[in-house]
Each structure stands twice: as C-alpha cells, then as structure tokens.
Protein chains: 10
Amino acid sequence: MDRKDATELILEAKRQEGLTFESIAEKVGRHKAWMTAALLGQHPMSAEDAEQVVDILGLDQEVTAVLQEIPMRGSLDTDVPVDPTIYRLHEVIQVYGTTIKALIHEEFGDGIMSAINFGLNVERVEDPEGDRVRITYEGKFLPFDWQF
Amino acid sequence: MDRKDATELILEAKRQEGLTFESIAEKVGRHKAWMTAALLGQHPMSAEDAEQVVDILGLDQEVTAVLQEIPMRGSLDTDVPVDPTIYRLHEVIQVYGTTIKALIHEEFGDGIMSAINFGLNVERVEDPEGDRVRITYEGKFLPFDWQF
Amino acid sequence: MDRKDATELILEAKRQEGLTFESIAEKVGRHKAWMTAALLGQHPMSAEDAEQVVDILGLDQEVTAVLQEIPMRGSLDTDVPVDPTIYRLHEVIQVYGTTIKALIHEEFGDGIMSAINFGLNVERVEDPEGDRVRITYEGKFLPFDWQF
Amino acid sequence: MDRKDATELILEAKRQEGLTFESIAEKVGRHKAWMTAALLGQHPMSAEDAEQVVDILGLDQEVTAVLQEIPMRGSLDTDVPVDPTIYRLHEVIQVYGTTIKALIHEEFGDGIMSAINFGLNVERVEDPEGDRVRITYEGKFLPFDWQF
Amino acid sequence: MDRKDATELILEAKRQEGLTFESIAEKVGRHKAWMTAALLGQHPMSAEDAEQVVDILGLDQEVTAVLQEIPMRGSLDTDVPVDPTIYRLHEVIQVYGTTIKALIHEEFGDGIMSAINFGLNVERVEDPEGDRVRITYEGKFLPFDWQF
Amino acid sequence: MDRKDATELILEAKRQEGLTFESIAEKVGRHKAWMTAALLGQHPMSAEDAEQVVDILGLDQEVTAVLQEIPMRGSLDTDVPVDPTIYRLHEVIQVYGTTIKALIHEEFGDGIMSAINFGLNVERVEDPEGDRVRITYEGKFLPFDWQF
Amino acid sequence: MDRKDATELILEAKRQEGLTFESIAEKVGRHKAWMTAALLGQHPMSAEDAEQVVDILGLDQEVTAVLQEIPMRGSLDTDVPVDPTIYRLHEVIQVYGTTIKALIHEEFGDGIMSAINFGLNVERVEDPEGDRVRITYEGKFLPFDWQF
Amino acid sequence: MDRKDATELILEAKRQEGLTFESIAEKVGRHKAWMTAALLGQHPMSAEDAEQVVDILGLDQEVTAVLQEIPMRGSLDTDVPVDPTIYRLHEVIQVYGTTIKALIHEEFGDGIMSAINFGLNVERVEDPEGDRVRITYEGKFLPFDWQF
Amino acid sequence: MDRKDATELILEAKRQEGLTFESIAEKVGRHKAWMTAALLGQHPMSAEDAEQVVDILGLDQEVTAVLQEIPMRGSLDTDVPVDPTIYRLHEVIQVYGTTIKALIHEEFGDGIMSAINFGLNVERVEDPEGDRVRITYEGKFLPFDWQF
Amino acid sequence: MDRKDATELILEAKRQEGLTFESIAEKVGRHKAWMTAALLGQHPMSAEDAEQVVDILGLDQEVTAVLQEIPMRGSLDTDVPVDPTIYRLHEVIQVYGTTIKALIHEEFGDGIMSAINFGLNVERVEDPEGDRVRITYEGKFLPFDWQF
C-alpha cells in the first residue's frame, strides 16, 4: 500500500460514511484546509491524527503508518489544470502573476511568499449580488538572503 | 505601437521618475493591484485613467489610445513560471489545488470562483516571527448552471 | 469505484441495452447535451436523476452515490485532440479565436462568455447541399469587474 | 511585407480611424465574423474587398496584394490559449468535447462538422438575469466516406 | 470490453490464424486499407462486416457490437511518431508541408484536401533499381466556403 | 543573407511578378513539386537552376550562391501544424499511420518508404461530385538491412 | 501476449539463466548488437532465430511467433533520455549534430546516412589513460534523389 | 557581438571565400570535426587558432576574442531535430539506445561513454552497392565511481 | 520482477521494519547517500550488499539478483519536479545555472563536473537562526579533451 | 534598456576589459557566486554595488538604475538545459532527486532547503587522480509549518 492507495481508500470511505472534509477536520481538531490536503495525500499526519482518521473512517490499521509518511507532493497530473474550478487559479497566475510579484517587491523588497511556512483558507463572503469565494494565501515573507 | 510597447515605455518612465505602482494608483484613485495589472498590460483603462497615467509618467499622447484597448491577456511566457516569487503561486496550485476545489465544493456546491468578477490584494501581516505576505483572491461564486 | 469506473459501466450498459444518450435524457427529463455530459462524467447528478439512470441502465446501486459526486472535470487526455470530430472544434479556436474575442469585445466590452453559466446544443440544419451541424454555445456575459 | 505586417498595419489604422470590425464589414458588405477573421489574417480577400479595405483604412496600395494571398492560418501562438476570453472556448472542448462528438454521431452517424464549409456568429441574447453571449458554429456535416 | 480490447483480440487471433489484413479484406469484400484501419480501431464496421470479421477470426460474439461503435480515433500515442516506418510520413510533412499547401492552392484555390471524404492506398511500383512504395492520398477538395 | 532571407525575397518577388510556382518550374524545366520545395528553402539548387530562378524573379546575384547551399530542412515551426490545409496531412498519420505501416510490411516485409529517394505530386482528379486532391508519395522501399 | 510482454519474459529468463546478450548472439550466430536490439524488441527474428532464442532461454513456444512479428519500434519512453548512459548520445547530437551534418554534406553532397541499411557496433579501445568506448554507426549514404 | 553573431559571420565569409570546413581545419592543423564544431560555435579556440581562422576568412579582429570564449553549447533549437540528416542520429537513439546501453554495460560494467573526453569522425566507406557513411564516436569509459 | 517492483518491496519492508536509510547504510557499511540512491533504484549493488539488504529487510531471495542489475536510471517522472523539496534543486539550476557554469570555467577552464565520478552529501549545519541544509556535490573535473 | 540589455553590455565590457567575475567580486567586496549571479541578471544590486560595477566596467550611468531593479529571475531558456556543464546539474536531480529528498526528511523531518535564504559556492578540491569540482548549496531548513 502506498499513499495513493491510502487516498483512494479514504475517499471511498468518506463517501460511504457521508462525511465532509470539514467534519473530519473538526473531529480531529485541525484546520479544515490542512486536513483536506492531508487526506488528499499532501501532508504527513502525526500518529495521533492518523489513528483518529483511520478510526473515524473505519479504515484498516495499515493505513495509519502510511498516513505518517512524508509524501511525494503534487496533487495534479498536469502543469496546466483542466478542471474549471482549479484552472481559475492558474488563470490568476497567468493574468496577475507579474502584478503580485511587483506588489510583493514594492511592499517587502526582494523575496518571496513562502509556500512552506504557509497556510490557506477558503471562505464564503456573503454578498447581495451573489456570494463570493475568498481564498487567502498567507506565507512568511522570505527575503533573498545570500548566506555563504 | 502595440500594448507590449506601451508596457515597456511605462516601465522605463516609471524607473526614471522613481515612482511606485502604488503611488500611481493613488494619484489616479484606483486599487493598487488593479492599477499594477493595468500598467503591466492586463486591463484596459478608461480614457480618463489613461490620460492621467500618460500625464504622470510623461509619456507620448499616442500611448493614451493604446491603453484603452482591451488587451490580449497573459503576463507570463510559460505555463510553469520560472521566477521564484511567481513560482510559489504555481506550487500552491500543484500542492493544494485539489484541496481548494474540495473546499469550494463543500461550502458552495458545484461551481467555481470567478476570475473575472474578481479582485485580489497583496498585504503585509505583521508577525514577531517574521512578517507574512497575505494574498487574497476574491471572486464571485458561479454555480454550474446549465441554461439551454 | 470512482467516477471513471462509473462511466465505463454506463457505456457498457448503454451498448448492451441499445440506448441512445438522447433517449436516456428524455426518460430522465433533462437536456440531451447536459445528460450526455453527465453520463460521460462531466457533471454531478441529483439523487433522483442518478437513481433513474441506474434504473434505466440496470446498474448496481453503488453507482448512484458515485454519480452524485462533483467530478474532476476534463474529458480529453490531451491539450490538442486527435480525434477528427473533436479536432475541428480545436481548429476553430486556432483559426477564429482572435475573431471571436474581437467580436465579443465589440458587442459587450471587456469580458468573457461564461463556460459555467452555460449550455450548448448540437442540431441538424437541413440543407439541400448537404445537412449542416449547428453547434451553439450560450453563456452569460461576464464583464471584467474588479471588486476589492 | 508579409501577412503579419499587413495585420499590424490594419490594427494600427483601425485604432487611429476609430473604426469597428463590424463597421468595416458593413461598408464592404461581408459578414462581420468573416471580415474580422480576414482582417486578422485568417482569410484571403478578393481584389475588390482588399481594395475597399485599403481605401477605408487609408493603407498603402502594397497591402492590397498581400491581403489577396492565401495565408498560413492560425491566430494563436499556443495550443492552450492563455487569454481568458479565448480560454473559455478551450475549456468547452475539454469538458464537452466528448459530449459534442457523441451527439454529432447520434444525430448524423460517423463523421464531422466541417470547419471549412463553415461559418460562425457571435450574438447578444438579452436576458433579465444578464445578457448572454451566443456563439454559433455551423458547418456542413461530412460523413466518413471512404473513396478509393 | 472497449474498442482497444477488441483490437488486441483481433491482432492476437490474426497471428494465431496466420492471416493477413489483405486476405481478411478480400474475404469481407472491402478495400484493404479501409479494412486494416477498421481492424486497427479507426473505423466502425457495419453489422455484416463485423459479423464476418468475428467469424473469420473466431472471436467472441461480444466483439461484434464493439466493432460497430464509432471509435475515438487516433492510432498513435504521440504527436511525433518514433517508429521509423511511420516517422517518414511525419518527415514528409515537415519538409514538404508548405510545398503541398502551395500546390493545392495554386491548383484549386483556397481550401483543403478532406481527410474524411477520403481514401488511401499503398502499392508496390516495380523498379529495376529497387521497388518503390507508392502511397496515395485522395480526398475531396473542400474550398473555404463561408456560410452564415 | 541566409536561406530564410532568400526565401522571403523569392516570395516577395513572386508576388510582384505575379508568377506561380508551376510556371517557374516549367521555365527552369523541373518538376513543380521539387521546384516549389526548393523555392521554399527545402532543397539546394544547381548553379544553373539558381541562376535561372534569380533571373526569372529579378533577384540580386547574391541570392544565387545562397540557393546552392544545402539547407537546414524543415518548413514548419511546430510538430503539429495549425494551418488546416497542412493539418489534414497530420491527421492522416494520426488516424492511418498504423494502417500504412501494416500495409507496407504486408507487401514488402520489414522496412520503410524512403523520404530521401523520393518524390511527390499533387494533382486534380476530376469528379462530378466535386474534384478531388490526389497527393502521391513515392519513395524507394528500403528493407531493414543490418550491415556490420 | 504482445512484443513488450515477450521482451519482459526474455529479460527475466536471461537473468535467471545468467546469460549475456553477446553469448546468446554467438549461439544463434548473429551480430551482438543486432541480437541485443532484437531481444529488446526492435527487430523481428526469422523463425529459426526465434526458435533458437526460445530454446536457449527456456521460454514458452508462444513467444516464437511473437518474435517474428515486425515490431512497433522505439525503445525509449521520452524524446530526451534521462538515463546518463543513453543521454550522452543525445548530448552528442545537441552539441555535434550540425557538425555531423556539415561533414556528411562536404564528403558526400546532399543526403543522409541511412538508419535502415545500417549497422552499429560498440567496442572497447584499450588506452593506458583509461579504456575508451567506441561506438560506430555505419549506414548507406542516400543522396536526396527526387524521383517522380 | 556574441558567439552566435560570430558564427554567422564565419558562415557568410566561408561561402564567399568558397572554402570547406575541412580545408580550414587543414590550414589550422586541427581535426576536421573539431574545427567544424568550433566554427559552428561549440568549442572555444586558442588564441592562435582564432587568429588563423580570422585571417583565413578575412574577418574583423573583434571576432578573435569572441572565438576564445567558452560558449553556451547546443547547436540545435529543438529536442527532436527536424532536418532529415540530423534526425537519423535521433532515430538511432530511439531504436538502439537501450541496445547501446546494454552493450556498454556488458563490456565495461556500470558507467558511460564520456561525451567530454571525446572525439568523433565522419568517413566514407567505399562499397560497390553504394558508399557508406561511417560515424565513429569515441569517448573515455567512465565507471560510476562514488566518491565522498 | 523488475527493479521498480524491487524498490516498492524495499520501501514497504522499510516502513514495516521502522528502519531509516541511514541505518541500513550503516549496517551494510556504505555511504548513506549512495545506499539511499541504490535502494531507490539508481545504482546496482554488489552481491554482498544485495544479500545484506535482503537480509536486513526480510525480502525474498529473488530480490538479490534484481538489485545487482544495472538499472535504467531516472528517479523522477517529469523534467520539472513538482514536489517542493525536489523543486528547489531545479530552481537553483534555473536561477544559478549560468553562474555555476561561469565559475567552473573561471576556475578550471572549459569542461564539466562529472556526475559519474561523483558523490554527494546532505548535512545539517547548525545555526542559531535556524539550522541549514548543506548539499554538497563533488565530481571530478573533466576538461573538454578532443581525442581522435 | 532592460535587465537583459544590461547583462549583454556587462558581458561585452567584461571581455574587452579582460576581467573575471571573481576579480569584479573582489573589487566590490561580495561573494564571487553572488556577484556572478547578479552580473548575469539574477539579483538586484545595492546602489553602491551598482555604481562600482558600472565604474569598473566603464558602462553608461543608465545601467546603474537598471542593476538596482529586482529582476524577473531565470537564467535559462529551457526546462532541460542543453549545455553539458549545466546539464550535469539536471542529471543529478533526475538520478538523485528522490535520494536528496529522503535524506533531508530523515535528518530534518518534513520540509525543504530554502533556495531564497541560500548561498552556493564552487570550489576546486585538489586530488592526485584529477582535481574535483565541489559545488555546495546551503539553505535554511524550512519545516512545513501550517499557519492559519
């Protein structure tokens, strides 16, 4: 069994149990976005979290060990996503990538937003003209800092 | 003169004048991210905005008309960006793309975050362990809605 | 069982039952193009629709739940389709893509045709010199509308 | 001077004259979509049409000959378009390509919609919930017809 | 069973029976190139042809229905073929593609050779300096013919 | 001046002189397809042919030497051609490539059709239902022949 | 069983029998490079050779027929090989490809080295500073020879 | 002036002087293949060689310095060469790459043929059935040798 | 069983035994980086090493022979790695590749760092501001040395 | 003038002045690798450093401002480098990428080596069997650290 097999088992069990990612996150006491990513194979879990997940979903104990391994990350098969919901994120980079780079540099100087010391959220913003999706990325600013 | 030529002239003049994107945005009275994108060739400007920009940067009047045209959008030359600051946004999609899709669907049902009825912001979040970059995407939720 | 497995079962059963996509659509009371897309794994079905489809095709009850899940969309394996019938749609974009963009902008201003609030149809247009295929895309116009 | 140079001259002159594609089409008496495509370098013009266009736009006589040549077609630089307005057409193929193929075959049998004996239109459909863009492709059905 | 499975069964049976594509074509009374393409999964067969093929090759009756389905066409896995025999056809396009386009346009005007109303042949041309392979493509000329 | 520059000069002069590829070929006494390929930069010319071409088209003498050089062959910019007239040749390989390979092997055994000891022709086949384009490739059969 | 399956069986048996490609070639009486290529699925074998190979490796008789089929050639999965030993051959083309082309043309005129009427060898050249690998390609010169 | 400019000047002068790569190599006293590669921008020259080359070709003294710089190597624009003469080398890797790897390993063990401590030659092998091109690669065998 | 199967068995057993790559390396007496690469399928092992590994991990004896074969190297599926930990190495080449080339040439002249006569290490550098990862590549300098 | 133009001017002047990257670095008082990267367009310089560089190389004052801008990073045109000296770095990732990932995780846990808080060095290691190139990457370990 590898991590991909584990993810498939998780998704199958989640459907049969009628659970949501958010409800699993709440039971385990983790942020819903982190937990969703972990369940989709993008983060290792601690032994306690893994045991709880296996318990909640009624999975085989073998899964517990697999969930604790540091995975080979990457949740998509292609550089350019085809699914419309995910493609919009790619479109934002194509259209606004140089804008975001320019604004990070104006505000912080030369460097990047870390995608490692990082978190993200997906929220509903109520709006009379139609609710809005707010996606927030927040990562530590890392200045280019030559050390040798 | 096409839009790409106009962008080059703008960047040259901006450097010579020692201006920031944010200061130009303030003078014209537009959001800094929208203005940066527009100056980088990703949005058409209204006649008034274009005239102000040409005025602020001391550009030739010919630029005014070019800035009002709806551009062929796309600010990057490649599908996978090479510049580290921009690459991190791509990395987020590769690692968290399926997570974001799952959370949008759990919260809103089947649909997407619009990248057209949309805005974004880049902010500093002060943090004693190192300030953080917060990038917020906010777009109208569009449910898949078959109409025929 | 994932959505791909479900699609294969549907196609196998459809062949054995000698049914058409249109006839299934009629029995369920949905537009033929929407139903075809849904059967090919591109749209989630409501519980009622899924039950009817499973019933009509004589499939296992397990399929019912799978058909209600929001799928990872994308019906092709490649960016450029190889099958001649599908390639012609790609050719139209290569030859007329900039034309369509120009005409949308002349008529509506800056924005896009939504592919989400959208429907399509495929019809026969009788013609003495040979009947014609009419493919109609119809999507809500979404103006670029910066909101932040 | 090649066709690409001619297209650039046309777009420059069109902006300076403040003309629309549709108004040029009307003056010459051709369909707006055909004329837009021709002006964007995708169709050869007859000598009369080319002379009229050169006249309307105040271009050099040398352009007249260039516009009559059969062009190397293809209006985009990439297989997957980046501009959001054009990308939506690509997205439709990715999501609905197999659907359209299935419906053409159900209605007509084995064959294709010609993209050569073909026309297209872009129209506004008024709608209280927001006007809609209707794009119609219409091409002769060509049955696979082995002749040897 | 899908069309790919059917092709594999056909090739396995053909080897065991020691048959050639040409001999199968003769028995069924179809052109050898059409029949080869159909056996390789590129054309649907009529019910009669499919039954004969299944009979000649001693295949399971289930294959009969599969062979009558309109396939997803495309016999190669890559854009640029690697096998030397097939690559030479690609090389001809790379070297002579613009030549063929120019000659079609000089002879017929603007348009294409149809690959749908089409047939091909592969023949031996005897030659004392070494026999030659003659490959003939013959397709209906389709003039670009704007209809809307 | 390199070969590409020479090709551009040739095409410019050909348009101004109102000549066809075929008429140039006839004047020089070469096959029209060979001459078209040579004028488009795919074959070196003999000194006599080059002088005649330069004479017919009224080009600078410097071109004569350039036309005699063995070119870096390849007339297209991409692996998959976008122009519809050229694309149909690619489509034939995608759909019928394995068919042609199978028929060459059945007729000749293991080997290829040479694309070097080779010629091609483009002809009109009159047909009451619409004239047809016949493209003939003819190359020496080269058996795989291990020599070491 | 297809040719790929046969190759896997051959490699498995070769390992278990502790044989080298060269020793198999010697037993069958063929050149070691040809035999290696044939065992790796790149050449069809005669009935006698196939029987001997099956005998030497103790394979099932079914393999005999598969080895006699003309294969779909191509031993690599990618255009640019990743394995360092094979990559060096690609590097030679990248660095010296234009050199080899220039020298073939200087010595022979316009044409190619055939890769069909061809053989190759891999040898050890003893050298006090470290033995050297000599790879020799030898193919018939084929002059570009237009025949139509 | 960069190395690419220098190469163009060299090729232009070589044509005007009517020189061959081999004759330049002889005058300078270097191997013809090395000299051809150096003239095509793939090797730096010593000061003496560069001066001689500049002298023989009648180039500007500025070229002397440029020829002595270590170049960014790579003589082709694409991974898969399109020119038929160069493509055959790529085809050999596709068909015989795993064969060459197997034979190097059988003869030398684990390692590679160096493409750095390396030379190559292109020769004519006279043959009554048609002369043959012999291309010899010879590089030092480098065993995988872990040193840390 | 091929090398890939062996790697999967190794990783499965390593997880069940709760071993680290480093501990296995120590038991066998090899450098931890070499051993990790070998366990991940990138180096052949000696008979003794293979037997020890099989023993330590409790694997089937069949694995012993597979581990001694020279593998087809390449541990990634793509040219551009997606996993963030591995991507950073790619980013270093994109940003600093020309820098490293320039410094190798300044220090050593024209040549390369061998990746065959090579070793690497991954170490922790303690640092009060956060420990650092030091990756050291060390390979023999190979001067470009033309030998023919 | 953009950053690319500045790099070209720098390289031209460096050649004419006969300077090395290291000597420029020493004069300015920066690490040689950082300075080389900055001169090759991969880092912004401080005003003082830029002035010194312009002074040392005798460049136009306009360059000073350009060198202070934060560049669009990326020193290569392709994902897979073709130049042999740079390719070896890519090969190391292909062969040892998963090894390095495994060792980072064993030593530090889940996270990455930063390529931003980072430095590198290129050194000569004297060795009687041939000097060795040592390339050291050193970057801060960044643990995956979810913060939201």
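The residue numbering used here restarts from 1 in each chain and proceeds along that chain's sequence as written. All chains are assigned letters beginning with A, and all ligands numbers beginning with 1, in the order in which they are written. Given that the model is predicted, a residue must reach a pLDDT of at least 70 before its local features are reported, and side-chain atom pairs must reach 80 or more before they are shown or counted; all residues, however, enter totals for whole chains, interfaces and linings.

It is worth spelling out the overall build of chain A at this point. Helix numbering and strand numbering both begin at the N terminus, where a helix is a DSSP run of H or I of at least 4 residues and a strand a DSSP run of E of at least 2. Helices and strands together make up the secondary structure of chain A, namely 6 helices and 3 strands. Across chain A, helices and strands are ordered from the amino to the carboxyl terminus as α-α-α-α-α-α-β-β-β. Reported as C-alpha extents along the three principal axes, the dimensions of chain A are approximately 55 × 50 × 30 Å. In this scheme the burial state of a residue depends on its C-beta neighbours within 10 Å: 20 or more other such atoms mean buried, 12 or fewer mean exposed, and anything in between means partly exposed; the C-beta positions come from the backbone. Considering chain A as a whole, with its 148 residues, one finds that 51% of them fall into the buried category. The contact criterion used is a C-beta to C-beta distance within 7 Å, with each C-beta placed from the backbone. Restricting the contact set of chain A to residue pairs at least 6 apart, pairs at least 24 apart contribute 54%.

Taken together, the contact pairs 24 residues of chain F with 24 residues of chain G. Where the side of chain F that touches chain G is concerned, the elements lending two or more residues are α3 (32-39), β1 (111-125), β2 (132-143) and β3 (145-146) of chain F. The greatest single-element share of the side of chain F that touches chain G, amounting to 9 residues, is contributed by β1 of chain F. Considering only residue class, the side of chain F that touches chain G consists of 12 nonpolar, 9 polar and 3 charged. A pair of strands is labelled paired if DSSP reports no fewer than 2 bridges between them. For β1 of chain F and strand β3 (residues 145-146) of chain G, the ladder comprises 2 bridges, and the chain directions are parallel. Opposite F118 of chain F, over in β3 of chain G, you have W146 of chain G as the bridge partner. Asp, Glu, Lys and Arg are counted as charged, while Ala, Val, Leu, Ile, Met, Phe, Trp, Tyr, Cys and Pro are counted as nonpolar; the rest, among them Gly, fall into the polar class.

The strand order across the open sheet built from 6 strands is β3(D)-β1(E)-β2(E)-β2(F)-β1(F)-β3(G), with neighbouring strands paired in mixed fashion. One side of each edge strand has no neighbouring strand; the edge strands of this open sheet are β3 (145-146) of chain D together with β3 of chain G. Summarising the sheet, strand β1 (residues 111-125) of chain E and strand β2 (residues 132-143) of chain E pair through 11 bridges and their orientation is antiparallel. Of the residues in β2 of chain E, the one forming a bridge with M113 of chain E is F141 of chain E.

Moving on, we get to the relation of the copies chain A and chain B. Copy-to-copy superposition: least squares on the C-alpha atoms, limited to residues that have pLDDT of at least 70 in both copies. You can overlay chain A on chain B at an RMSD of 0.0 Å; the transform is a turn of 180° with a shift of 0.0 Å along its axis. Read as a symmetry element, the transformation amounts to a two-fold axis. Among all residues of chain A, the minimum C-alpha distance to the rotation axis is found for T136 of chain A, at 2.2 Å. A shared interface surface links the copies, since 100% of the contact residues of chain A are contact residues in chain B too.

This part is about the interface of chain A and chain B. Facing 59 residues of chain A, the contacting portion of chain B comprises 59 residues. Those elements giving two or more residues to the side of chain A that touches chain B turn out to be α2 (21-28), α3 (32-39), α6 (84-108), β1 (111-125) and β2 (132-143) of chain A. At 23 residues, α6 of chain A tops the list of elements feeding residues into the side of chain A that touches chain B. Taken together, the residues of the side of chain A that touches chain B break down into 29 nonpolar, 14 polar and 16 charged.

The transform that puts chain F on chain G rotates by 180° and translates by 0.0 Å along the axis, for an RMSD of 0.0 Å. Both copies share a contact surface, since 100% of the interface residues of chain F are interface residues in chain G too.

Once that is clear, we can look at the packing of helix α2 (residues 21-28) of chain F against α3 of chain F. All names here are of chain F. Only the stretch in contact is used when fitting a helix axis, every axis being a line fitted to C-alpha atoms; angles between N-to-C directions are given from 0 to 180 degrees. In the contact formed by α2 and α3, the axes pass within 8 Å of each other and the chain directions differ by 105°. Between α2 and α3, the angle falls in the class roughly perpendicular. Contacts from F21, E22, I24, A25 and V28 of α2 reach α3 at K32, M35, T36 and L39. Across the contact of α2 with α3, the residue classes tally to 6 nonpolar, 1 polar and 2 charged. If an angle is under 35 degrees, it is roughly parallel; if it is over 145, roughly antiparallel; if it lies from 65 to 115, roughly perpendicular; otherwise it is oblique.

Turning our attention to the domain arrangement of chain A. Here chain A is partitioned into domain 1 (3-67) and domain 2 (84-143). Placing a centre on the C-alpha atoms of domain 1 of chain A and another on those of domain 2 of chain A gives a separation of 27 Å. For each domain, the first and last residues come from an automatic or database assignment.

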